[in-house]
Amino acid sequence: MLRYILKRAISLIISLCLASIIIFAVVEIAPGDPASFMLGINAQEDTIAALRAELGLDQDKLSRYFTWVTGMIQGDFGTSYTYRSPVAEMVTERIWVSLPLALYALLISTLIAFPAGIYAATQRGKSGDLVVMGATQFGIAIPNFWFAMILVVIFALKLRWFSAGGFVEWENGIFKSMKSLTLPAIALALPQASILSRVMRSALIETLSEDYIRTARAKGFGKRAVIWRHALRNALIPVLTIIGLQFSFLMAGAIIIEQVFFLPGLGRLVFQAITQRDLIVVESVVMLLVFAVITVNFIVDVTYAVADPRLRRRV
Amino acid sequence: MFQPTKIITAATLAVFASAGVSLSGQSDITVAMQLEPPHLDPTSAAAGAIDSVLYSNVFEGLTRFASDGSIIAGLAESWDISSDGTVYTFKLRSGVKFHDGTSMDANDVKFSLDRARAEDSTNAQKALFSGITDVAVVNDTTVKVSLDKPNGSFLFNMAWGDAVIVAPESVEGIKNKPVGTGAFTFQNWVQGDRIELSRNPDYWGNQPALEKATFKFISDPTAAFAAVMAQDVDVFTGFPAPENLPQFEADPRFQVLEGSTEGETILSTNNKMPPLDNVKVRKAIAHAIDRQAIIDGAMFGYGTPIGTHFAPHNPDYLDLTGNSNYDPELSKKLLAEVGLSGGFTTTLKLPPPSYARRGGEIIASQLRAVGIETEISNLEWAQWLEQVFRGKDYGLTIVSHTEPMDIGIYARPDYYFQYDNPEFQSLMTELNGTTDPSKRSSMLKKAQRIISDDYVNGYLFELAFTTVANAKVRGLWKNAPTQATDLTGVSWAD
Amino acid sequence: MRSGSLIFGVLLSALVVIAAGLSFLWVPFDITQLSIPDKLQTPNKLHWLGTDHFGRDILSMVMIGARTSLAVALLAVGIGFFIGVPLGLVAATRKNSIIDEVIMRTNDLIFAFPSLVIAILITALFGAGAMNAIIAIGIFNIPVFARVSRGAALSLWQKEFILAARVSGKSDLRISAEHIFPNIANLLIVQGTIQFSLGILAEAGLSYVGLGTQPPIPSWGRMLADAQTMVSFAPHLAIIPGTAIIITVLGLNLLGDGLRDLLDPRVRKSRE
């Protein structure tokens, strides 16, 4: 057991090191200099050199890489070149938009997917199933930024129920903040809900065909009771796995939606930083996202292994 | 759950409404703009957004731009110029205080100017200060600035946002907490969203009518449209989507101000890259371009055609558009004369603004009609600076040169156009040493004609400055002689 | 339902492919010629789907845009296929070996990167354009194909006919190429169809933020971006390219589902 965890931990560390090298390399070899970007077209060479020195960009790449990595290990993610504030602070601020948005979208998606998936599974092959499955095909095919545009036109410009974008901070009341996240969350949730409904449906159909369910049916339990008491519980495992995947996707995948609704979230921070060549922000935020996914995977693997020793050999 | 909220909102609204009436008019304003400042120190970045928020509101210089573009007194109430034009003695206003309570005096002026021209200065417009040889404090309210040679535009240079006066006590922190002398003090910055200012009760000049001002940053044009329509913002300066302006004009709730900028939008040409190094080829390009189609297609009619690199609202402006009128047949003839009747291919690199992206597509189509193929690539600003501006790796590009009075860039052979004309260069040297207005005027006219006749670049149009505002807002700047949103004279009509 | 989705999928996909193919030979209007006075027309007899802000015929734009979308997505899938499948097959020959471990851990690593953010990063940093978009989308197709082919190949290695081939002295790589690959091809085609439709969406997203195919070559995503400020008075500018994307992705997904039912014996059995 311990050996397995140790092995996974070493591979986790190697992965993190590789990821940091890849991110740093990709960002640093790209053309574009943050100092000359900030100083614009009338800047003199000596001014640009002075700013590069001030930002620490005059050091060689290798020592900058090590400063960055050792900083991160100690919880210091560097200082933004353009905003001149600590990256960690900026990220914390933005997480208060991105995290609730991701959770909100997930909530909407689950609220749609559970009933839709269960209904489709019980109506398998009938017209109800066909309608739900057809709708989910549409939901997957619709690009979410296009859906967002349509939502803005209908609900913000025509009906004026929601504002077209922007985020109302939490200090102004949860209701107002949630309201400002509603259209973006719906736009994000649509494809996720469609995927989740399909997973829910097939997971249920699979469990419904298993022996113990048949036994339960044979014992005289009603179809409804069987679904609620037995099948659903077992179908939850694949569904929860997908929800977990969707969550990590939503944290970073909202980048275009945040752009459409000008939400000050993580995605927009990265997007802005990319265009402004605020390299340290790009590197640190991407590294954080990768770190989160890799560590979560690690924890999941280890938990599974602890729970079910057979898995250890399979991995 | 929803009902009570609605009632509360209605009740609050009623309270506000009655309060508003008793105060006879609103005293706060929300101004939106597209770009957010990267930080809040106008003396160490080129970002115009910094000046758009802070110029004359929070920070002030010795001189300043008035709304018509003229130079008026700022923190210096008067000045004397020595007879040889090399020594400027500024008399400062007395009793001026920075927002942190420290007083503004001659030492602060010396500090600010010395800091801007220092070896390790990170001032984006360091050239403005390059002629200064010495800044001497005579007494608390008198400063003597010596120049190496007479400079006709020195007072103009000192009005730039990059030349505002800062204090040694607070300069360390101004990137996040600006401390100036202006009529508004900085309150709060929610990064990615807004900056809040409030009235400075200790201001040396007239108290502004507004008590609070919020600057909101909305980069997306659709969101900008929606925010104005929903009246989430009172003013949007530099509205990014001209196609939406007719809708605002038709709506009595709004006013649309169409003003001028200092932005000459040009088809910049690499004068060293064959075949663009041939003046006939550049002339062919100039005649292949239909300016009106670009203004209509890219800017939905907003913009003034120009025929040289000079702002049309300037009294010295020469209308030279006839020099490069739309004449594709002439273009083809010119190309044939230099043996390029089969046309040629060059690059067209476009920075992000829509004037460039849309204008680029139109120009590409117009050039194709005379046989010139362009390979379009859309660049981010950082890439544009690297490849086009510094690397000079381009054939054509479209950019708006928004610095006021910047015809002098044509005297710099290392500038990205790579235009090298000794006659023009000596004319500019002469101009810089001339202070006589009528001589300056005729020199400027001559300069405009030279660059027009040399077809250095394709001169397209002067960028329009469009502001959409609540119909009741008064005192906004219509034109943009510099990047600024001066709120000191803004008020609400009853 | 099964044959239904296949038929629908084939029909919709064929519509898009025919439109793209036809655009090589004929489009209603020349879209390289802008005609500003004709801008922003709603659908009419001359311009069946109206004109855009430059007076270009939208039907012609959509037809040529189909070409762009299909080409970018197809090449991106190609990258994933031609790099991912060999990697997966090699990994399967040496289960739990160092090679397998390295390949699969690298896979996991690529999966850990936020794909959309990285695609935007690559195209923004190294220059917007079709080529970089293809690479950025393609990279994330590699682990998908590697994983699918490894998984399918592993189960085949237990089969008798493979053991027989082994006994006859064929090398592992040869067996992979001659026996394993043909037997997992069906599965890969289904996966390819799904990745293809995801590629269409990714290309649209990148073009929408200005990082995909560059003008004057039309692309659906950029048409949407151009339309963005005009939806309030010319909604057809957004609705038409959006519908084109939906039809394509829907068609490919239905086709993928239909093919899976048709080709994958396990699914067929469980359905019957």
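Predicted model, so just to flag it, every value in this text is computed and none were measured.

Peer 1: Could you give me a rundown of the interface of chain A and chain C, with the residues and numbers involved?
Peer 2: Across the boundary between the two partners, chain A contributes 45 residues, which contact 39 residues of chain C. Of the roughly 3,700 Å² buried between chain A and chain C on both sides combined, carbon and sulfur atoms contribute 78%. Where chain A meets chain C, there are 1 salt bridge. Between Asp-257 of chain C and Arg-198 of chain A there is a salt bridge, and its shortest N-O distance comes to 2.9 Å. There are 3 residue pairs in polar contact (both at pLDDT 80 or more) connecting chain A and chain C. Of all elements in the fold, only helix H1 (2–29), helix H6 (127–141), helix H7 (144–158), helix H10 (223–253), helix H11 (255–260), helix H12 (266–275) and helix H13 (279–307) of chain A reach the threshold of two or more residues within the side of chain A that touches chain C. For the side of chain A that touches chain C, the element with the most residues is H1 of chain A, which contributes 11 residues. Classifying every residue of the side of chain A that touches chain C by side-chain character gives 35 nonpolar, 4 polar and 6 charged.

Peer 1: An account of the pairing of strand E8 (residues 184–190) of chain B is requested, with residue identities and associated values reported.
Peer 2: Residues and elements named next belong to chain B. Most of E8 sits out of view: 5 of its 7 residues are buried. Sheet topology places E8 next to strand E9 (residues 194–199); 6 bridges connect them, and they run antiparallel. From the neighbouring strand, Trp-189 faces E9, where its bridge partner is Ile-195. Where E8 folds back on E9, the antiparallel hairpin that results is connected by 3 residues, among which Gly-192 adopts a positive phi of roughly 85°.

Peer 1: Please give an account of the packing of aromatic side chains that cites residues and values.
Peer 2: Within the structure shown, the criterion is met by 35 aromatic pairs over all chains. Each ring, one from Tyr-83 of chain A and one from Trp-189 of chain B, has its centre 5.9 Å from the other, and the planes form 50°; the classification is tilted. Pair noted here: Tyr-83 of chain A is in the loop between helix H4 (61–73) and helix H5 (87–122) and Trp-189 of chain B is in strand E8, and the two residues belong to different chains. Side by side, Tyr-83 of chain A and Trp-189 of chain B carry an identical accessibility label, which is buried. Taking the centre distance of 5.4 Å and the plane angle of 50° together, the rings of Phe-225 of chain B and Phe-248 of chain B count as tilted. Highlighted residues: Phe-225 of chain B in helix H5 (residues 221–229) and Phe-248 of chain B in helix H6 (residues 245–249), separated in sequence by 23 residues. The exposure class assigned to Phe-248 of chain B is buried, which follows from its relative accessible area of 0%. Taken together, the ring pairs connect Trp-381, Trp-384, Phe-389, Tyr-394, Tyr-410, Tyr-415, Tyr-416, Phe-417, Tyr-419 and Phe-424 of chain B into an aromatic cluster. In this structure, Lys-179 of chain A packs its charged tip against the face of Phe-162 of chain A, placed 5.9 Å from the ring centre.

Peer 1: Which residues make up the domain arrangement of chain A, and what values do they have?
Peer 2: Residue and element names in this part refer to chain A. Once the domains are mapped, chain A shows domain 1 (2–73) and domain 2 (96–311). Between the C-alpha centres of domain 1 and domain 2 there is a distance of 33 Å. With 19 residues of domain 1 at the contact, the number on the domain 2 side is 18 residues. Taken together, the two surfaces of domain 1 and domain 2 that pack against each other cover about 1,700 Å², and 78% of this comes from carbon and sulfur. At the surface where domain 1 touches domain 2, the tally comes to 0 salt bridges. For the pair domain 1 and domain 2, the interface holds 1 residue pair in polar contact (both at pLDDT 80 or more). Mapped by element, the contributors of at least two residues to the side of domain 1 that touches domain 2 are H1, helix H2 (34–39) and H4. Residue classes in the side of domain 1 that touches domain 2 are distributed as 14 nonpolar, 3 polar and 2 charged.

Peer 1: I'd like to hear about helix H9 (residues 328–337) of chain B, residue by residue, with values.
Peer 2: Residues and elements named next belong to chain B. Listed in full, the buried residues belonging to H9 are Ser-331, Leu-334 and Leu-335. One side of H9 holds all its buried residues, which, seen down the axis, span an arc of 100°. Along H9, the residues that are exposed and aim more than 90 degrees away from the buried face are Glu-329 and Lys-333. On the buried face of H9, the contacting elements are helix H7 (279–288), strand E14 (344–350) and strand E15 (372–378). Within two residues after H9, Gly-339 carries a phi angle of roughly 80°, on the positive side.

Peer 1: Tell me about the nonpolar core, and name the residues and values.
Peer 2: Soluble globular proteins tend to bury their nonpolar side chains together. Ranked by internal contacts, the top residues of the largest apolar core, which has 229 residues, are Phe-239 and Phe-248 of chain B. Among the elements that line this core, the one with the most residues is helix H2 (residues 58–93) of chain C, at 15 residues. Each of domain 1 (2–73) and domain 2 (96–311) of chain A contributes no fewer than three residues to this core. Apart from residues no more than four positions distant in its own chain, Phe-248 of chain B is found in contact with Phe-225, Val-228, Met-229, Phe-239, Phe-254, Val-256 and Val-468 of chain B. Tyr-410, Phe-424 and Phe-461 of chain B together with Leu-34 of chain C belong to the second largest nonpolar core, which has 66 residues in total.

What counts and how
Residues numbered from 1 in each chain as written. Chains lettered and ligands numbered in written order. Predicted model: local features only at pLDDT ≥ 70, side-chain atom pairs only at ≥ 80, totals over all residues. Heavy atoms only, no water. Contact = heavy atoms within 4.5 Å. Buried area = accessible area lost by both parts, 1.4 Å probe. Salt bridge = Lys/Arg side-chain N within 4 Å of Asp/Glu carboxyl O. Polar contact = N/O pair within 3.5 Å; in protein donor to acceptor, adjacent residues only side chain to side chain. Helix = DSSP H or I, 4+ residues; strand = E, 2+ residues; numbered from the N terminus. Nonpolar A, V, L, I, M, F, W, Y, C, P; charged D, E, K, R; others polar. Buried < 20%, exposed > 50% of the residue type's maximum accessible area, 1.4 Å probe, protein only. Pairing = 2+ DSSP bridges. Phe/Tyr/Trp six-rings, centres within 6.5 Å; stacked < 30°, edge-to-face > 60°. Lys NZ or Arg CZ within 6 Å of the ring centre and 35° of its normal. Domains from an automatic or database assignment. Arc of directions from axis to C-beta. Core = buried A, V, L, I, M, F, W, Y, C linked by side-chain atoms within 4.5 Å.

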